[in-house]
Protein chains: 2
Amino acid sequence: MWHLYQFPLCPFSRKVRLALGEKGVSFEMLREHPWEARDEFFAFNPAGRTPVLHHGPKGITLIDSQAICEYFEETVDKSPLILGTAANRAEIRRLVALFDENFFADVTLPLLHERMKKRLVLRAPPDSKLLRQAMRLAHEHLDYIDWLVDNRRWLAGAQLSLADLTAAAQISVVDYLGGVDWSGHEGSHGWYRVIKSRPSFRPLLSEKMEGIAPPSQYADVNA
Amino acid sequence: MWHLYQFPLCPFSRKVRLALGEKGVSFEMLREHPWEARDEFFAFNPAGRTPVLHHGPKGITLIDSQAICEYFEETVDKSPLILGTAANRAEIRRLVALFDENFFADVTLPLLHERMKKRLVLRAPPDSKLLRQAMRLAHEHLDYIDWLVDNRRWLAGAQLSLADLTAAAQISVVDYLGGVDWSGHEGSHGWYRVIKSRPSFRPLLSEKMEGIAPPSQYADVNA
Ligand SMILES: N[C@@H](CCC(=O)N[C@@H](CS)C(=O)NCC(=O)O)C(=O)O
Ligand SMILES: N[C@@H](CCC(=O)N[C@@H](CS)C(=O)NCC(=O)O)C(=O)O
């Protein structure tokens, strides 16, 4: 059995959970808060980051959400998520990096810091200037998603791919932490509603991070 | 012909150059400074980042160093760099992420900011406190490389892989911008000397970023 070290609002763990869900790989979850910097966790992962996926009997420890997704892409045939020609696959990986790096740095990370870490760890009020800037950058990213879904069936092309799961994982954390403002983003909103109603998404939506309540539309697959 | 948009001190462009060098893929270089935020460059890459690899006749634009390296891993058989079993490949990708993300954020990025951007763009003196902190973190990363090469022939296992090229690309930028302090890191130093003397490394060592001179040992393959 695979064991996933994660916490509910880690977007990279969400990406892995969605990919494993689509591929039908079962796993158990263990709670890990990287900010607690447990020695045992650093012994596992010198980078001290979630997600980590561990298989005791096989003696395998997988670290980094993209390394994990590539591993299951190579070992599980069901539901290819990095698919098509080499150029298509490069386009999927470009978008994965765009969301995991740029969207994360611009939007998800400031929200996690202001609305999760400050509440649970630092016991300080959020900085509304930083929140406003993150929301402004969120609109720019949603503009880009609008453009993609205007030109393609899914973000990277004709089929659902890891690009969609990665973007949705990041967006879902933002949505939990304050709600995404979809005004002016009909295209993105329609795409997100479709992703959100997939069975792989269900377990994420019902789960809570203690001490932080999501807005009411968060788990509503029609909202 | 492939065209690589890059600047000499971009560690991700260096990683791509090393990988293409090992694989024997030829390319021409075009200079791109992401901080100038040229409209034409953003039209190419909405993330506005180097490296970008473009092939006009084929109509292919590859973005993100890892997406680029995976593309050539899939399309060029020579010198596999993400090699072995699925678990070995996951270990290579874990280390690539460790150097491209953690080492970059801890060491390369502060050095690029303090010693390149402040000199060339902001015209401000470097912050010696930030430089000291980056050097302290560099020692921690070198400790980890010492441990790896104590236990393995190359960073990710028995063979040269993209993990070695990625780590060397980051380290070479740090070395250019002030010199790596190898004291207490015999293992890492020996490993870096070997990488530095490979033919794929030669073009990097002879190239200069205008306005910034590297220390004398930078291009010396015996130093
Ligand atoms: N590229 C990594 C990023 C992982 C990451 O940044 N995880 C965050 C939690 S959402 C973390 O553990 N941060 C703690 C730290 O960076 O020290 C991945 O895709 O797995
Ligand atoms: N994950 C990307 C990172 C690329 C990156 O951060 N490039 C830097 C130059 S070294 C850049 O263009 N930065 C400008 C910016 O982030 O706006 C890759 O591997 O290609």
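Scoring rules and cut-offs
Residues numbered from 1 in each chain as written. Chains lettered and ligands numbered in written order. Predicted model: local features only at pLDDT ≥ 70, side-chain atom pairs only at ≥ 80, totals over all residues. Heavy atoms only, no water. Near = heavy atom within 4 Å. Polar contact = N/O pair within 3.5 Å; in protein donor to acceptor, adjacent residues only side chain to side chain. Helix = DSSP H or I, 4+ residues; strand = E, 2+ residues; numbered from the N terminus. Buried < 20%, exposed > 50% of the residue type's maximum accessible area, 1.4 Å probe, protein only. Contact = heavy atoms within 4.5 Å. Buried area = accessible area lost by both parts, 1.4 Å probe. Salt bridge = Lys/Arg side-chain N within 4 Å of Asp/Glu carboxyl O. Nonpolar A, V, L, I, M, F, W, Y, C, P; charged D, E, K, R; others polar. Axes fitted to C-alpha atoms, helices over the stretch in contact; angles between N-to-C directions. Parallel < 35°, antiparallel > 145°, perpendicular 65-115°, else oblique. Left-handed = near helix turned anticlockwise from the far one by under 90°. Areas by Shrake-Rupley, 256 points an atom, 1.4 Å probe, with all protein chains shown as cover. Pairing = 2+ DSSP bridges. 1 Å grid on protein atoms, 1.4 Å probe; cavity = no way out; pocket = protein on both sides within 12 Å on 5 of 7 lines; lining within 4 Å. Points joined across faces, edges and corners; volume = space filled by probe spheres on them. UniProt positions renumbered as here; feature names shortened; annotations may be inferred.

Attention shifts here to the site of ligand 1. With respect to spatial proximity, the complete set of residues near ligand 1 consists of A:Phe7, A:Cys10, A:Pro11, A:Phe12, A:Pro34, A:Arg49, A:Thr50, A:Pro51, A:Asp64, A:Ser65 and B:Glu101. Bordering ligand 1 are residues originating from chains A and B. Contact between ligand 1 and A:Thr50: a nitrogen atom at 2.9 Å from a main-chain N or O atom of the residue. Here an oxygen atom of ligand 1 sits 2.6 Å away from a polar atom, N or O, in the side chain of A:Ser65.

Residue and element names in this part refer to chain B. Mapped onto the fold, His185 is located in the loop between α6 (162-176) and α7 (186-196). Using a relative accessible area of 3% as the deciding quantity, one classes His185 as buried. Within polar-contact distance, the side chain of His185 engages the side chain of Asp146 at 2.8 Å. Contact partners of His185, with chain neighbours within four places excluded, come to His139, Leu142, Asp143 and Asp146.

At the interface, 23 residues of chain B touch 23 residues of chain A. When the two sides are added together, the surface that chain B and chain A hide from each other amounts to roughly 2,000 Å², 61% of it contributed by carbon and sulfur. For chain B, the biggest contributors to the area lost against chain A are B:Glu74, B:Arg93 and B:Arg94; these three give 22% of the whole. Of the charged contacts, one joins A:Glu74 and B:Arg93 as a salt bridge, the two residues approaching to 3.1 Å between their closest N and O atoms. Inspection of the chain B/chain A interface yields eight residue pairs in polar contact (both at pLDDT 80 or more). Elements represented by at least two residues in the side of chain B that touches chain A include exactly β4 (60-63), α3 (65-75) and α4 (86-122) of chain B. It is α4(B) that contributes the most residues to the side of chain B that touches chain A, 10 residues altogether. Within the side of chain B that touches chain A, the residues separate by chemical class into 13 nonpolar, two polar and eight charged.

Moving on: the packing of helix α1 (residues 11-23) of chain B against α6(B). Residue and element names in this part refer to chain B. In the contact formed by α1 and α6, the axes pass within 8 Å of each other and the chain directions differ by 135°. The angle between α1 and α6 falls in the class oblique. Taken as a pair, α1 and α6 cross one another with a handedness that is right-handed. Where α1 approaches α6, its residues Pro11, Phe12, Arg14, Lys15, Leu18, Ala19 and Glu22 are matched on the opposing element by Leu162, Leu165, Thr166, Ala169, Gln170, Ser172, Val173 and Tyr176. A per-class count over the contact of α1 with α6 returns nine nonpolar, three polar and three charged.

Inspection of the region around ligand 2 gives A:Glu101, B:Phe7, B:Cys10, B:Pro11, B:Phe12, B:Pro34, B:Arg49, B:Thr50, B:Pro51, B:Asp64 and B:Ser65 as its neighbouring residues. Those residues lying near ligand 2 are distributed over chains A and B. Side-chain polar atom of A:Glu101 to a nitrogen atom of ligand 2: 2.6 Å apart, as the coordinates give it. Summarising the interface, the protein chains cover 75% of the accessible area of ligand 2, which totals 510 Å² for the free molecule. Split into classes, the residues belonging to the shell around ligand 2 amount to six nonpolar, two polar and three charged.

On to the sheet that holds strand β3 (residues 52-55) of chain A, then. Residues and elements named next belong to chain A. Across the sheet, which stays open at both edges, the four strands sit in the order β2-β1-β3-β4 with mixed pairing between neighbours. Since the sheet does not close on itself, it has two edges, and those belong to β2 (27-31) and β4 (60-63), each with one partner. Mean inter-strand twist for the sheet, computed between neighbouring axes without regard to direction, equals 20°. Its contacts with the sheet put helix α3 (residues 65-75) on β1 (2-6), β3 and β4, and the angle it makes with β4 is roughly 125°.

We now examine the layout of surface pockets. There is about 320 Å³ of room inside the second largest pocket. Along its surface, the second largest pocket is lined by 17 residues, and A:Glu91, A:Arg94, A:Arg152, B:Gly59 and B:Thr61 are the ones closest to its centre. Looking at the lining of the second largest pocket, the elements with two or more residues in it are α4 (86-122) and α5 (128-151) of chain A together with α2 (39-44) and β4 of chain B. In terms of residue count, the dominant contributor to the lining of the second largest pocket is α4(A) (five residues). Across the lining of the second largest pocket, the residue classes break down as 11 nonpolar, three polar and three charged.

Glancing now at the UniProt feature "domain: GST C-terminal" (unreviewed entry) in chain A. Listed under "domain: GST C-terminal" (unreviewed entry) in the UniProt record, and renumbered for this structure, are residues 85-215 of chain A. Annotation note: span residues 85-215 of chain A, helix share 69%, strand share 0%, distance between end C-alpha atoms 40 Å.

Taken as a whole, this structure holds four cavities of 30 Å³ or more when the rule is applied. In this structure, the largest cavity spans a volume of roughly 70 Å³. Listed by contribution, the elements that provide at least two residues to the lining of the largest cavity are α1 (11-23) and α3 of chain A. If you add up the space inside the second largest cavity, you get close to 50 Å³. Around the second largest cavity sit B:Phe103, B:Val107, B:Met135, B:Ala138, B:Leu142, B:Ile171, B:Val174, B:Val180 and B:Asp181, which together line it. Listed by contribution, the elements that provide at least two residues to the lining of the second largest cavity are α4, α5 (128-151) and α6 of chain B. Per-element tally for the lining of the second largest cavity: the top contributor is α5(B), with three residues. When its residues are assigned to classes, the lining of the second largest cavity shows eight nonpolar, no polar and one charged.

On to the UniProt feature "domain: GST N-terminal" (unreviewed entry) in chain A, then. Residues annotated in UniProt with the feature "domain: GST N-terminal" (unreviewed entry) correspond here to residues 1-80 of chain A. Secondary structure content for residues 1-80 of chain A is 38% helix and 22% strand, while the C-alpha to C-alpha distance between its ends is 21 Å.

So, about unusual backbone geometry. Following A:Thr50, the chain continues to A:Pro51 via a peptide bond in cis, the omega torsion being 0°. Along the chain, A:Pro51 falls in the loop between α2 (39-44) and β3. Despite not being glycine, A:Ser79 has its phi angle at roughly 50°, a positive value. One non-glycine residue, B:Ala37, lies in positive phi territory at about 45°. Classification of B:Ala37 as partly exposed rests on a relative accessible area of 38%.

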